[in-house]
Amino acid sequence: TTITFIQPDGRSRSLALADGTSLMQGATGAGLDGIVAECGGNAMCATCHVYVDEAWAGRLPPRSDEEDALLDGAAAERLPTSRLSCQITVTPDLDGLVVRLPDRQI
Ligand code: FES
C-alpha cells in the first residue's frame, strides 16, 4: 500500500508500507524524518501528528476519544485533518493516501 508523506518544506516521499502496520511504524521504519513517536505508538504522546490530505480525511476510520484528546496537546497547530499516525492502520483501501507532516512534533 503506497502512502505519500510530504514534509513541511514540500519534499515528498512515497513509501510502500505493509498492511496491518501503523502509518507511524511504517514511516519511522523507513527512516522518514518528521515523526518522533516518543511513546512508541501507545497513543500517549502526540509526537506522531500528521495532517491527512483533505481528499482523504473522510475516508479514514474516525478518531478514538483518546486520539482526539491527545491531538489537543500536539506541538504544531491542530487542524480539522489532524491525526495521530500511530492510530491509523495501513490497509489496501489506503493506497494513494497523502499525509503532510507538521513543522514540529515537540
Ligand atoms: Fe505516541 Fe502516536 S506514537 S501517540
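Okay, so let's go over this structure. Small disclaimer: the values here were computed from a predicted structure and weren't measured.

Counting residues in each nonpolar core, the largest one holds 28 residues, and the members touching the most others are Phe-5, Leu-23, Ile-35 and Leu-97. Of all the elements in the fold, those that place two or more residues in this core are strand E1 (2-6), helix H1 (23-29), strand E3 (49-52) and helix H3 (65-71). The dominant element in this core, judged by the number of residues it contributes, is H1, at 3 residues. Once residues within four sequence positions are removed from consideration, Ile-35 is found in contact with Phe-5, Met-24, Ala-27, Thr-28, Thr-47, Cys-48, Val-50, Ser-85, Leu-101 and Gln-105.

Moving on, we get to the packing of aromatic side chains. In total, this model carries 0 aromatic pairs according to the counting rule given. One Lys or Arg, Arg-59, reaches over the ring of Trp-56 and ends 4.0 Å from the middle of that ring.

All right, on to the environment of Thr-2 then. Position of Thr-2 relative to the elements: it lies in strand E1. Through-space distance from the C-alpha of Thr-2 to that of Val-99 is 11 Å; in sequence the pair is 97 residues apart. Those residues in contact with Thr-2, other than ones at most four positions away along the chain, are Ser-14, Leu-15, Ala-16, Leu-94, Asp-95, Gly-96 and Leu-97.

About the criteria used
Residues numbered from 1 in each chain as written. Predicted model: local features only at pLDDT ≥ 70, side-chain atom pairs only at ≥ 80, totals over all residues. Heavy atoms only, no water. Core = buried A, V, L, I, M, F, W, Y, C linked by side-chain atoms within 4.5 Å. Buried < 20%, exposed > 50% of the residue type's maximum accessible area, 1.4 Å probe, protein only. Helix = DSSP H or I, 4+ residues; strand = E, 2+ residues; numbered from the N terminus. Contact = heavy atoms within 4.5 Å. Phe/Tyr/Trp six-rings, centres within 6.5 Å; stacked < 30°, edge-to-face > 60°. Lys NZ or Arg CZ within 6 Å of the ring centre and 35° of its normal.

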